[in-house]
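# Summary of the model geometry
The lines below spell out each chain.
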Amino acid sequence: VTGVQTCALPIYLIPKLEGFRILYIEDDSDVRDSMMNYLRKLDVPVYEGRDGEEGWELYERHKPDIMIIDLKMPRLNGIDLAKRIRETDNRTQIVILTAYTEPEYMIEAVELNIARYLVKPISKATLLPAIEKCVDALTIEKKHPAEFDFGEGCSYNFKRKVLQKNGEAIKVNKREIAIVELFIENKDDVVTYAMIEGAVWGQKQMSMDAIRTLVKGIRQKTYQDLIDNLSGIGYALNLERVK
């Protein structure tokens, strides 16, 4: 089975995509037709490309907000296309599709700030959460200033995906970026353990030790009082410091 395994798309599951554009790139015509039939149900502009080079041309022409890219394509593969885009653009959300799990590509995908890396055949259960994550990231950028001030000389630049302290960039990985943006998006609310699981690991279960380690790492790289513990519930930004 190739392409999308189901055509049923309940209206309540469709992400809020109004105002966004999607570019889908796949060299297999049957898979592409199946996916395009599915994506058109989202009722937003959706463009299709047959290979990486055509995908690049369409990217430059339409400036899509979300790109869904097959990994192995003629002329220019998905990872190399993503690399070319990331040379000047950290905003566009990219989802990589592949028929196999290939560790070497997954490592590169993390470094390129890929929103999701999905294994074919794609189902509604995997595609919609990936699109929703892309929409969430784009919505955060719209809702918040380009740079969020944490106080104590710490800030986060959404466009460049950079955490800074006293004017210098702090080395962070993809998971740390995900949790920093989650805390900013919910700066006035509690960030539950389940929310952290969803933002960082998607549908996979995350141990409490892994969550604590992740939060501890953010504190060490910023300052200890930035994040408050809420025992048995989750965490919250220290609003006495975050203005």
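Computed from a prediction, not measured in an experiment: that's the story for all the values here.

### Overview of the overall build of the protein chain
Helix and strand counts for the protein chain stand at 8 helices and 12 strands. If you take every contact in the protein chain between residues at least 6 apart in sequence, the share linking residues at least 24 apart comes to 60%. Here the protein chain displays about 12400 Å² of accessible surface, and carbon together with sulfur accounts for 48% of that area.

### A word on the confidence of the model for the protein chain
Any residue range with low pLDDT should be treated as having predicted coordinates unsuitable for detailed reading. Across the protein chain, the average pLDDT comes to 84, with 84% of residues at or above 70. Here helix H4 (residues 103–111) is the element of the protein chain with the lowest mean pLDDT, 66, and strand E1 (residues 22–25) is the one with the highest, 96. Note that residues 1–13 has pLDDT below 50 and, in this model, 32 contacts with residues that lie over four places away or in other chains.

### Quick notes on the pattern of salt bridges
Working definition: two side chains of opposite charge can pair if their charged atoms are close together. Scanning all chains against the criterion turns up 11 salt bridges. The residue Glu-48 makes a salt bridge to Arg-32 at a minimum N-O spacing of 3.2 Å. Here Arg-32 lies in helix H1 (residues 29–39) and Glu-48 lies in strand E2 (residues 46–49), a separation of 16 residues in the sequence. Residue classification places Glu-48 among the partly exposed residues on the basis of a relative accessible area of 32%. For Arg-75, the salt bridge goes to Asp-51, with nearest N and O atoms at 3.1 Å. Of this pair, Arg-75 sits in the loop between strand E3 (66–70) and helix H3 (78–86) while Asp-51 is found in the loop between E2 and helix H2 (52–62), placing the two residues 24 residues apart along the sequence. A relative accessible area of 12% places Asp-51 in the buried class. Within the structure, one salt-bridge network assembled from shared partners comprises Glu-26, Asp-70 and Lys-120.

### So, the sheet that holds E1
Spatially, E2-E1-E3-E4-E5 is the arrangement adopted by the 5 strands of the open sheet, whose pairing is parallel. Pairing within the sheet leaves two strands with one partner each, and these edge strands are E2 and strand E5 (116–119). Strand-to-strand, the axes of this sheet are offset by a mean angle of 15°, without reference to chain direction. Note that E3 and strand E4 (residues 93–98) share 5 bridges and pair parallel. If you follow Asp-70 over to E4, its bridge partner there is Leu-97. Against the sheet, H1 engages E1, E2, E3 and E4, with an angle of about 175° to E2.

### Observations regarding the pairing of E3
Across a regular strand the side chains alternate sides, sitting on one face of the sheet and then on the other. The buried fraction of E3 amounts to 5 of the 5 residues, a majority that puts the element mostly inside the structure. Along E3, one buried face is formed by Ile-66, Ile-68 and Asp-70 and the opposite face, lined by Met-67 and Ile-69, is buried too. The sheet contact formed by E1 and E3 spans 4 bridges and is parallel. Counterpart to Ile-22 in the pairing with E3 is Ile-66. The parallel pair E3 and E4 is bridged by H3, and the resulting crossover is right-handed.

### Observations concerning the environment of Glu-48
Through-space distance from the C-alpha of Glu-48 to that of Ile-22 is 8.7 Å; in sequence the pair is 26 residues apart. Once residues lying within four places of it in the same chain are set aside, the contact partners of Glu-48 are Leu-23, Tyr-24, Arg-32, Met-36, Arg-40 and Leu-58. Within the structure, the side chain of Glu-48 is placed 3.2 Å from the side chain of Arg-32, a separation counted as a polar contact.

### Comments concerning H3
What H3 keeps buried is the set Gly-78, Ile-79, Leu-81, Ala-82, Ile-85 and Arg-86. Viewed along the axis of H3, the buried residues span an arc of 160°, placing them on a single side of the element. Its side-chain oxygen at 3.1 Å from the backbone nitrogen of Ile-79, Asn-77 defines the N-terminal cap of H3.

### Re the sheet that holds strand E12 (residues 234–237)
Strand order across the open sheet formed by 3 strands is E10-E12-E11, with antiparallel pairing between neighbours. Of all strands in the sheet, those bounded by a partner on one side alone are strand E10 (191–192) and strand E11 (227–230). With 4 bridges connecting them, E11 and E12 associate as antiparallel partners. Within E12, the position partnered with Leu-230 by the bridge is Gly-234. Sitting on the sheet, helix H8 (residues 208–221) touches E11 and E12, and the angle it makes with E11 is about 155°.

### Some points on the packing of helix H6 (residues 174–185) against helix H7 (residues 193–201)
Between H6 and H7, whose axes approach to 9 Å, the crossing angle comes to 135°. Taken as axis vectors, H6 and H7 run oblique relative to one another. For H6 against H7, the interelement crossing comes out right-handed. For the pair H6 and H7, contact is made by Arg-175, Ala-178, Ile-179 and Leu-182 and by Met-195, Ile-196, Ala-199, Val-200 and Trp-201, respectively. Grouping the constituent residues of the contact of H6 with H7 by class yields 8 nonpolar, no polar and 1 charged.

The rules behind each value
- For every chain, the first residue of the written sequence is number 1, and numbering continues from 1 onward in sequence order.
- Owing to the predicted nature of the model, reporting of local features is limited to residues with pLDDT of at least 70; listing and counting of side-chain atom pairs is limited to 80 or more, with chain, interface and lining totals taken over all residues.
- The side-chain numbers reported here are obtained from all heavy atoms of the structure, hydrogens and water having been left aside.
- Secondary structure elements are defined from DSSP: runs of H or I of at least 4 residues count as helices, runs of E of at least 2 residues count as strands, and each element is numbered from the N terminus.
- When checking whether two residues touch, look at their non-hydrogen atoms; a contact exists if any pair is within 4.5 Å.
- Residue-level accessible areas treat just the shown protein chains as cover; the underlying method is Shrake-Rupley with a 1.4 Å probe.
- For every residue, the predictor assigns a confidence score, pLDDT, that lies between 0 and 100.
- In the sections that follow, a salt bridge refers to a side-chain nitrogen of Lys or Arg positioned within 4 Å of a carboxyl oxygen of Asp or Glu.
- When a residue's accessible area, from a 1.4 Å probe over protein chains only, is under 20% of the maximum for its type it is buried; when over 50% it is exposed; and in between it is partly exposed.
- Two strands are counted as paired when DSSP detects at least two bridges linking them.
- Every angle, taken between N-to-C directions, lies between 0 and 180 degrees, and every axis is a line fitted to C-alpha atoms, over only the stretch in contact when it is a helix.
- Whether a crossover is right-handed depends on one test, that the path from the first strand over the helix to the second runs clockwise when the strands point away from the viewer.
- Between N or O atoms, a polar contact is any pair within 3.5 Å; within protein, one atom must be a potential hydrogen donor and the other a potential acceptor, and residues adjacent in sequence are included only when both atoms are from side chains.
- Within this analysis, the arc is defined by the directions that extend from the helix axis to the C-beta atoms.
- In what follows, roughly perpendicular refers to angles from 65 to 115 degrees, roughly parallel to angles under 35, roughly antiparallel to angles over 145, and oblique to any angle outside these ranges.
- What makes a crossing left-handed is the near helix being turned counterclockwise from the far one by less than a right angle; a clockwise turn instead makes it right-handed.
- We call Asp, Glu, Lys and Arg charged. Ala, Val, Leu, Ile, Met, Phe, Trp, Tyr, Cys and Pro are nonpolar, and the rest, Gly among them, are polar.

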